[in-house]
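One-letter residues, chain by chain:
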Amino acid sequence: MARVALRIVKNRLHPRTSVFLRSSITGMNRAAGGIIRNLSAGGACLSTGDDALCLGEPVRISLRHVGEVRGYITWAQGGRFGVRFDQIIDPLMVLQQAA
């Protein structure tokens, strides 16, 4: 079950939504389970618990109701990563409950 709270951050291209969703992220040399901490139409913040992904690294993230989304790492710190998506998504699709 997802926890969701809407929080709009100033100076952002797309508003973020705080979430707690399980997902998987695949980089150039590894795949890992992770938690999506916040989500927007243009990117996400994920935590994996380690620093195995590098700045600029291309990644694929599995998002429920959307599928695989490609992007790249924009920042990394303490097992958390910022990902910018290559294409805009609809975050509401990810957050919808399974029918």
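Q: Just give me the short version of the overall build of the protein chain, but keep the residues and values in it.
A: Of regular secondary structure, the protein chain possesses one helix and seven strands. Listed N to C, the secondary structure of the protein chain is β-β-β-β-β-β-β-α in terms of helices and strands. The buried share among the 99 residues of the protein chain stands at 40%. Considering only contacts within the protein chain whose residues lie at least 6 apart along the sequence, 45% involve residues at least 24 apart. By element, 51% of the accessible surface of the protein chain is carried by carbon and sulfur atoms, the whole surface being about 6100 Å².

Q: Tell me about the nonpolar core, residues and numbers included.
A: In terms of nonpolar packing, the biggest core is built from 20 residues, with Ile25, Ile36, Leu39, Leu63, Val83 and Phe85 touching the most fellow members. Looking at this core, the elements that each hand over two or more residues are strand E2 (16-26), strand E3 (31-39), strand E4 (43-47), strand E5 (58-63), strand E6 (67-77), strand E7 (80-85) and helix H1 (91-95). Excluding residues within four positions of it along the chain, Phe85 makes contact with Leu39, Ser40, Ala41, Gly42, Gly43, Ala44, Ile61, Leu63, Val69, Arg70 and Gly71.

Q: Lay out the confidence of the model for the protein chain with the relevant residues and their values.
A: In this model, the protein chain carries a mean pLDDT of 83, and residues with pLDDT of at least 70 account for 85%. A low-confidence stretch, residues 1-9 stays under pLDDT 50, and its non-local contacts, those more than four residues away or across chains, total 20 contacts.

Q: Account for the pattern of salt bridges, with residues named and values stated.
A: All told, the structure shown has two salt bridges when counted by the stated rule. Glu68 is the salt-bridge partner of Arg60, the closest N and O atoms lying 3.2 Å from each other. Glu68 sits in the exposed class, given a relative accessible area of 52%. The salt bridge involving Glu68 is made with Arg70; its shortest N-O contact spans 3.9 Å. Here the salt bridges do not stand alone but share partners, grouping Arg60, Glu68 and Arg70 into one network.

Thresholds, definitions, all that
Residues numbered from 1 in each chain as written. Predicted model: local features only at pLDDT ≥ 70, side-chain atom pairs only at ≥ 80, totals over all residues. Heavy atoms only, no water. Helix = DSSP H or I, 4+ residues; strand = E, 2+ residues; numbered from the N terminus. Buried < 20%, exposed > 50% of the residue type's maximum accessible area, 1.4 Å probe, protein only. Contact = heavy atoms within 4.5 Å. Areas by Shrake-Rupley, 256 points an atom, 1.4 Å probe, with all protein chains shown as cover. Core = buried A, V, L, I, M, F, W, Y, C linked by side-chain atoms within 4.5 Å. pLDDT = per-residue confidence, 0-100. Salt bridge = Lys/Arg side-chain N within 4 Å of Asp/Glu carboxyl O.

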